[in-house]
Amino acid sequence: MKFCSNCGASVTHKIPPGDSLPRYVCDACNTIHYQNPKIVVGCIPEWEDRILLCRRAIEPRYGMWTVPAGFIENGETTLQGAARETLEEANARVDVGPLYALYNIPHLSQVYILFRARLLDSDFSAGAETLETRLFREEEVPWDEIAFATVRNTLKHFYDDRSQGEFRLHVGTIERAGRQPGT
Ligand SMILES: [Zn+2]
């Protein structure tokens, strides 16, 4: 950040009085511009024994597969965000819930919140940010072409849980260097 979004003056990166971390502080109006992690919401849309994946038409990870997910918007709930992302990326309608995975990604300042979801019909197609969308059986999942560690981990848990007949909440942290599967 170079300029204050409140008044347009320059900002200085410094620790405000009483704070412990440096913030962007406006040199003119003294507004403190706090920056906090972004929340990504998404879901695993299920249709019978298959799940819906989307092939990304945008960077990062152009051409790789993922579940429908994206940044939550102001004024919506996490469930609404997951349903909206599924509609935008796959033109698919879902009944969202229950909560399935929560991943901290501290080095990207992101938190992933992923739900299980039920496709309401089998009418879907690629949205603007998607090259292709299709249903996969477990043995068809393109594991080497999954876009993100969060999604890969979540899908592995999904199939493990499904084979054991019990889905439970998974919480984990993705570190910079590699892939921590979480629990
Ligand atoms: Zn200002």
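Below is a summary of the structure that appears in this document. Please read these numbers as outputs of a predicted model, since none were measured by experiment.

## Regarding the overall build of the chain
If you tally the helices and strands in the chain, you get two helices and eleven strands. Order of helices (α) and strands (β) in the chain, N terminus to C terminus: β-β-β-β-β-β-β-α-β-β-β-α-β. Each principal axis of the C-alpha atoms in the chain carries an extent, and together these give about 60 × 35 × 25 Å. Counting only residues that meet the buried cut, the chain has 42% of its 183 residues in that class. Within the chain, counting contacts between residues at least 6 apart in sequence, those at least 24 apart form 59% of the total. Accessible surface for the chain amounts to roughly 10,100 Å². Of this, 49% is attributable to carbon and sulfur atoms.

## With respect to the pattern of salt bridges
Tallying each qualifying case throughout the model produces twelve salt bridges. Residue Arg 84 is joined to Glu 76 by a salt bridge in which the shortest nitrogen-to-oxygen separation is 2.6 Å. For the pair shown, Arg 84 and Glu 76 are each scored as buried. With a closest N to O distance of 3.6 Å, Glu 140 and Arg 134 form a salt bridge.

## So, helix α2 (residues 149-164)
Along its 16 residues, α2 runs 23 Å from first to last C-alpha, staying within 8% of the 22 Å computed at 1.5 Å per residue. Those residues of α2 that sit buried are Ala 149, Thr 150, Val 151, Arg 152, Asn 153, Thr 154, Leu 155, His 157, Phe 158, Tyr 159 and Asp 161. At the exit of α2 stands Gly 165, carrying a positive phi of roughly 75 degrees.

## As for the coordination of the zinc ion
Donor atoms from the polypeptide that coordinate the zinc ion comprise Cys 4 (SG), Cys 7 (SG), Cys 26 (SG) and Cys 29 (SG), at 2.2 to 2.4 Å from the metal. Around the zinc ion, the four donor atoms are arranged such that angles at the metal cover 100 to 117 degrees; this shape is classified as tetrahedral.

## Some words on the nonpolar core
Core analysis: the largest hydrophobic core is formed by 24 residues, its most contacted members being Ile 44, Ile 51, Leu 53, Val 67, Tyr 112, Ile 146 and Leu 155. Every element with two or more residues in this core is listed here: β4 (38-47), β5 (50-56), β8 (94-105), β9 (110-119) and α2. If one sorts the elements of this core by residue count, α2 sits on top with five residues. Not counting residues within four places of it along the chain, the set of residues in contact with Tyr 112 comprises Val 40, Ala 101, Leu 102, Tyr 103, Ile 105, Phe 148 and Thr 150. Counting residues in hydrophobic clusters, the runner-up holds 15 residues, among them Ala 82, Ala 90, Ile 113 and Leu 135.

## Some remarks on the environment of Asp 95
On the secondary structure map, Asp 95 appears in strand β8. Separated by 20 residues in the primary sequence, Asp 95 and Gly 75 place their C-alpha atoms 19 Å from one another. Once you skip the residues sitting within four places of it in the chain, Asp 95 turns out to touch Arg 116, Ala 117, Arg 118 and Leu 120.

## Focus on unusual backbone geometry
Backbone phi values are negative for most residues with the exception of glycine, while trans is the configuration of most peptide bonds. Between Glu 59 and Pro 60 the backbone carries a cis peptide bond, its omega angle lying at -5 degrees. Along the polypeptide, Pro 60 turns up in the loop between β5 and β6 (65-66). Residue Pro 98 is reached from Gly 97 by a cis peptide bond, and omega for that bond is 5 degrees. If you trace the backbone, Pro 98 turns up in strand β8.

## Notes on the environment of Pro 45
For Pro 45, the position within the fold is in strand β4. Assessed through its relative accessible area of 0%, Pro 45 is described here as buried. Separated by ten residues in the primary sequence, Pro 45 and Gln 35 have C-alpha atoms spaced 32 Å apart. When neighbours within four sequence positions are excluded, Pro 45 is seen to be in contact with Arg 50, Ile 51, Leu 52, Pro 68, Thr 86, Val 94, Ala 117 and Leu 119.

Analysis parameters
Residues numbered from 1 in each chain as written. Predicted model: local features only at pLDDT ≥ 70, side-chain atom pairs only at ≥ 80, totals over all residues. Heavy atoms only, no water. Helix = DSSP H or I, 4+ residues; strand = E, 2+ residues; numbered from the N terminus. Buried < 20%, exposed > 50% of the residue type's maximum accessible area, 1.4 Å probe, protein only. Contact = heavy atoms within 4.5 Å. Areas by Shrake-Rupley, 256 points an atom, 1.4 Å probe, with all protein chains shown as cover. Salt bridge = Lys/Arg side-chain N within 4 Å of Asp/Glu carboxyl O. Expected span 1.5 Å × (residues − 1). Donors = N, O, S within 2.8 Å, 3.2 Å for Na, K, Ca; no water. Tetrahedral: all angles 85-135°; square planar, octahedral: opposite > 155°, others 65-115°. Core = buried A, V, L, I, M, F, W, Y, C linked by side-chain atoms within 4.5 Å.

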